[in-house]
Amino acid sequence: SSLPDDLFTAIKELKQELNAVILAHYYQNSDIQDIADYIGDSLGLSQQAARTPADVIVFAGVHFMAETAKILNPDKLVLLPDLDAGCSLADSCHPEDFARFKAQYPDNIVISYINCSAEIKAMSDIICTSSNAVKIVNQIPAHQPIIFAPDRNLGRYVSQQTGRDLVLWQGSCIVHETFSERKIIELKVAHPEAKIIAHPECEASVLRHADYIGSTTALLNYSLKSSEKTFIVATEPGIIHQMQKSAPEKVFIPAPALNNCACNECPYMRLNTLEKLYLCMRDKTPEITISEDLRVKALLPIQRMLEMS
Ligand code: 13P
Ligand code: SF4
């Protein structure tokens, strides 16, 4: 099927026609970020999804994010440009394995990172994101044991920040585990004035060099407020588009992977393109669907997160 020459205009027209909102994560390609109504981190995007008056939510992000939007909005059409846009963290945690894991710790409550499937959410007590994980764990009474899933790196970081023992599911993100400590040290030697800013999904060997650790939104805000000029950015480099747009005079250096491959880009996030964004709105597919039974179970821990954030 032929595509219009001006995709930006065509997408804007479809947006009007459908009464749609386009929500985009910072790891999306720059052109998708530029056409989005709202760009944010996982928490910001779910807060937007919870309050949007639009009839259609076009989710430029990965499957678990669009699924969360659908759980919050069962009556809205939720579109994802490419249904294969998954997440290695979500994939690392299968419901049957997780049920067995959970059964070993019957006294523990389950706090799950939003990067997981609806099935895992339904087995969880509270959902969190990288921007509210510390805040949420700090609200749990000290005597209450906790399972934290599925990201072991975020889990270890939260454990350090809160002084709490967490039982960790051993998942990790294929993007954030690829950053090389050695390369970051080399960059720091070449740019001694640079601040190293890192996402908590990074390995401990990288986080120990960080001047600041936070979610994508937190990293963006820190880089804008900081009086420093140069930043080494240890997260998916899609975020640099917003950093550079908001602070054109500053220098943002993407942290490289060990062999300088493009594997610091999230292969799932990057499956979405402007063409696919247009097509999903034109054809009203692929659509996110979920059984009502599962939706209701997954909704409760998401609502708890929104209340505790
Ligand atoms: P945040 O945008 O919440 O920081 O999460 C990063 C990420 O990896 C999303 O998949
Ligand atoms: Fe999942 Fe990592 Fe991609 Fe985020 S960057 S969507 S955690 S694979």
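Structure's up top.
Note that the structure is a prediction, hence the values are computed from the model and not measured. (Residues numbered from 1 in each chain as written. Chains lettered and ligands numbered in written order. Predicted model: local features only at pLDDT ≥ 70, side-chain atom pairs only at ≥ 80, totals over all residues. Heavy atoms only, no water.)

A.B. asks: Kindly report on the nonpolar core, identifying the contributing residues and their values.
C.D. replies: Core analysis: the biggest nonpolar cluster contains 78 residues, and Phe59, Ile111, Val233 and Met243 have the highest contact counts within it. With residues up to four places along the chain from it excluded, the contact list for valine 233 reads Ile197, Ile239, Ile240, Met243, Phe252, Ile253, Pro254 and Ala255. (Core = buried A, V, L, I, M, F, W, Y, C linked by side-chain atoms within 4.5 Å. Buried < 20%, exposed > 50% of the residue type's maximum accessible area, 1.4 Å probe, protein only. Contact = heavy atoms within 4.5 Å.)

A.B. asks: Quick rundown of the site of ligand 2? Include the residues and the values.
C.D. replies: Taken together, Tyr27, Val62, Cys87, Ser88, Leu89, Asn115, Cys173, Val175, Glu201, Cys266 and Tyr268 are the residues near ligand 2. In the shell around ligand 2, the residues fall into eight nonpolar, two polar and one charged. (Near = heavy atom within 4 Å. Nonpolar A, V, L, I, M, F, W, Y, C, P; charged D, E, K, R; others polar.)

A.B. asks: I'd like to hear about the sheet that holds strand β2 (residues 38-40), residue by residue, with values.
C.D. replies: Read from one edge to the other, the open sheet built from four strands follows the order β2-β1-β3-β4, with strand pairing classed as parallel. The strands lining the two open edges of the sheet, one partner per strand, are β2 and β4 (77-79). If you compare each strand with its neighbour and ignore which way they point, the axes differ by 20° on average. As judged from the three bridges shared by strand β1 (residues 20-25) and β2, these two strands associate in the parallel manner. Counterpart to histidine 25 in the pairing with β2 is glycine 40. (Pairing = 2+ DSSP bridges. Helix = DSSP H or I, 4+ residues; strand = E, 2+ residues; numbered from the N terminus. Axes fitted to C-alpha atoms, helices over the stretch in contact; angles between N-to-C directions.)

A.B. asks: Please provide a residue-by-residue account of the packing of helix α4 (residues 63-72) against helix α15 (residues 292-308), values included.
C.D. replies: In a pair of packed helices, the angle between the axes and the distance between the axes together describe the arrangement. Running from N to C, α4 and α15 point in directions that differ by 95°, and their axes come no closer than 9 Å. By the angle between their directions, the pair α4 and α15 is classed as roughly perpendicular. For the pair α4 and α15, the contacting residues are Thr68, Lys70, Ile71 and Leu72 in the first and Arg295, Ala298, Leu299, Ile302 and Leu306 in the second. When the residues that make up the contact of α4 with α15 are grouped by side-chain class, the tally is six nonpolar, one polar and two charged. (Parallel < 35°, antiparallel > 145°, perpendicular 65-115°, else oblique.)

A.B. asks: Give me the lowdown on the packing of aromatic side chains, citing residues and values where you can.
C.D. replies: This structure, assessed with the given rule, holds six aromatic pairs. The interplanar angle of 70° and the centroid separation of 5.6 Å between the aromatic rings of phenylalanine 98 and tryptophan 169 together place this pair among those described as edge-to-face. Placement of phenylalanine 98 in helix α6 (residues 95-103) and of tryptophan 169 in the loop between β8 (166-168) and α10 (181-190) is noted, with a sequence separation of 71 residues between them. Given a relative accessible area of 0%, phenylalanine 98 falls into the buried group. (Phe/Tyr/Trp six-rings, centres within 6.5 Å; stacked < 30°, edge-to-face > 60°.)

A.B. asks: Describe in detail the site of ligand 1, supporting the description with residues and values.
C.D. replies: Residues in contact with ligand 1 amount to 13 residues; listed here are only the nearest, His25, Ser42, Ser130, His199 and Thr216. At a separation of 2.8 Å, an oxygen atom of ligand 1 approaches a polar side-chain atom of serine 42. One nitrogen or oxygen atom from the side chain of asparagine 115 is found 3.2 Å from an oxygen atom belonging to ligand 1. Compared with its free state, where it exposes 300 Å², ligand 1 has 96% of that area covered by protein. (Polar contact = N/O pair within 3.5 Å; in protein donor to acceptor, adjacent residues only side chain to side chain. Areas by Shrake-Rupley, 256 points an atom, 1.4 Å probe, with all protein chains shown as cover.)

A.B. asks: Break down the side chain of threonine 230 for me, with residues and values.
C.D. replies: Positionally, threonine 230 belongs in strand β11 (residues 230-234). Relative accessible area serves as the criterion here: at 6%, threonine 230 is assigned to the buried category. If near-sequence neighbours (up to four positions away) are discounted, threonine 230 is found in contact with Glu193, Ala194, Lys195, Val251 and Ile253.

A.B. asks: How would you explain a negative patch on the surface if you had to name every residue and give the values?
C.D. replies: On the surface, a cluster of negative charge is made up of Asp5, Asp6, Glu13 and Glu17. One can find aspartate 5 in the segment before α1 (7-18). A relative accessible area of 85% places aspartate 5 in the exposed class. (Patch = residues over 30% accessible without salt bridge, like charges linked within 9 Å, V, L, I, M, F, W, Y side chains within 5 Å. Salt bridge = Lys/Arg side-chain N within 4 Å of Asp/Glu carboxyl O. Lys, Arg positive; Asp, Glu negative; His and termini not counted. Charge placed at Lys NZ, Arg CZ, Asp CG, Glu CD.)

A.B. asks: Tell me about α1, residues and numbers included.
C.D. replies: Because an α-helix completes one turn every 3.6 residues, residues spaced three or four positions apart along the sequence face the same direction. Here α1 spans 16 Å end to end across twelve residues, near enough to the 16 Å set by a 1.5 Å rise per residue. Turning to α1, its buried residues are Leu7, Ala10, Ile11, Leu14, Lys15 and Leu18. Mapping the buried residues of α1 onto a view down its axis gives an arc of 145°, with all of them on the same face. Among the exposed residues of α1, those pointing more than 90 degrees away from its buried face are Glu13 and Gln16. (Expected span 1.5 Å × (residues − 1). Arc of directions from axis to C-beta.)

A.B. asks: Before we move on, can you summarise the pairing of β1 with the specific residues and values?
C.D. replies: Among the six residues of β1, six are classified as buried, and the element is accordingly described as predominantly covered. By the bridge criterion, five bridges tie β1 to strand β3 (residues 56-60) in an arrangement that is parallel. The residue of β3 that forms the bridge with alanine 20 is valine 56.

A.B. asks: Explain the pairing of β3 to me, and be specific about the residues and the numbers.
C.D. replies: Buried residues dominate β3, accounting for five of its five residues. Neither face of β3 is left uncovered, since the one carrying Val56, Val58 and Ala60 and the one carrying Ile57 and Phe59 both have all their residues buried. Of the pairings in the sheet, the one linking β3 to β4 comprises three bridges and is parallel in character. For valine 56, the partnering residue across the bridge sits in β4 and is leucine 77.

Treat this as a map of the structure, not an account of what it does.
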